[in-house]
Amino acid sequence: MVKRRKQEQVVGVLEIAGYDSEDPTFKQWVAEHRTQNGGSIRVSKGATGVRVMFGREADMNFWKARFETDAKARKSRVA
């Protein structure tokens, strides 16, 4: 018997620098995503932070905008 694995189509990958999978802010983002969209993302460790793989283009664009907004807020708090 041959075991088959379910393969999901990956639309894009986004690496979010400065975060890890245990970061409270990142965990909140994942929880919100799963309640709204059903959890069609995969999370792994990247070179500079967390790597998130998306099955839908809209999800990737939403996360990218969210990260950019958060990065701007962090810079304004530091400056």
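This report concerns the structure included in the present document. If you're wondering where the values come from, they're calculated on a predicted model, not measured in any experiment.

## As for the overall build of the protein chain
When helices and strands are tallied, the protein chain shows two helices and three strands. The secondary structure elements of the protein chain, listed N-terminal to C-terminal, are β-α-β-β-α. Structurally, the protein chain occupies a C-alpha span of about 60 × 25 × 20 Å along its principal axes. In the protein chain, which comprises 79 residues, the proportion classed as buried is 25%.

## Side note on the pattern of salt bridges
As enumerated under the stated definition, the model contains four salt bridges in all. Between Lys-27 and Glu-22 there is a salt bridge, with its nearest N and O atoms 3.1 Å apart. Using a relative accessible area of 42% as the deciding quantity, one classes Lys-27 as partly exposed. The exposure class assigned to Glu-22 is exposed, which follows from its relative accessible area of 53%.

## A word on the nonpolar core
Within the largest apolar cluster, twelve residues are counted, these being Leu-14, Ile-16, Tyr-19, Phe-26, Trp-29, Val-30, Ile-41, Val-50, Val-52, Phe-54, Met-60 and Trp-63. The set of elements that each furnish at least two residues to this core consists of strand 1 (12-17), helix 1 (24-37), strand 3 (49-54) and helix 2 (57-78). Not counting the four nearest positions on each side in its chain, Met-60 is found in contact with Gly-12, Val-13, Leu-14 and Phe-54.

## So, the packing of aromatic side chains
What characterises a pair of aromatic rings is the spacing of the ring centres plus the angle enclosed by the ring planes. Following the criterion strictly, the structure yields five aromatic pairs and no others. Residues Tyr-19 and Trp-29 carry aromatic rings whose centres are separated by 5.4 Å and whose planes lie at 45° to one another, so their mutual orientation is tilted. Here Trp-29 lies in helix 1 and Tyr-19 lies in the loop between strand 1 and helix 1, a separation of ten residues in the sequence. A single burial state applies to Tyr-19 and to Trp-29, both of which are buried. Within the aromatic cluster, the residues linked to one another by ring pairs are Tyr-19, Phe-26, Trp-29, Phe-54, Trp-63 and Phe-67. Geometry around Trp-63 places Arg-66 over its ring, the cationic atom sitting 5.9 Å from the centre.

## Notes on the sheet that holds strand 1
Overall, antiparallel pairing links the three strands, which are arranged 1-3-2 in an open sheet. This sheet does not close on itself; its edge strands, each paired only once, are strand 1 and strand 2 (41-45). With strand direction ignored, the average angle separating the axes of adjacent strands in the sheet is 25°. Relative to strand 2, helix 1 is tilted by about 160°, and along the sheet it contacts strand 1, strand 2 and strand 3.

Procedures and definitions
Residues numbered from 1 in each chain as written. Predicted model: local features only at pLDDT ≥ 70, side-chain atom pairs only at ≥ 80, totals over all residues. Heavy atoms only, no water. Helix = DSSP H or I, 4+ residues; strand = E, 2+ residues; numbered from the N terminus. Buried < 20%, exposed > 50% of the residue type's maximum accessible area, 1.4 Å probe, protein only. Salt bridge = Lys/Arg side-chain N within 4 Å of Asp/Glu carboxyl O. Core = buried A, V, L, I, M, F, W, Y, C linked by side-chain atoms within 4.5 Å. Contact = heavy atoms within 4.5 Å. Phe/Tyr/Trp six-rings, centres within 6.5 Å; stacked < 30°, edge-to-face > 60°. Lys NZ or Arg CZ within 6 Å of the ring centre and 35° of its normal. Pairing = 2+ DSSP bridges. Axes fitted to C-alpha atoms, helices over the stretch in contact; angles between N-to-C directions.

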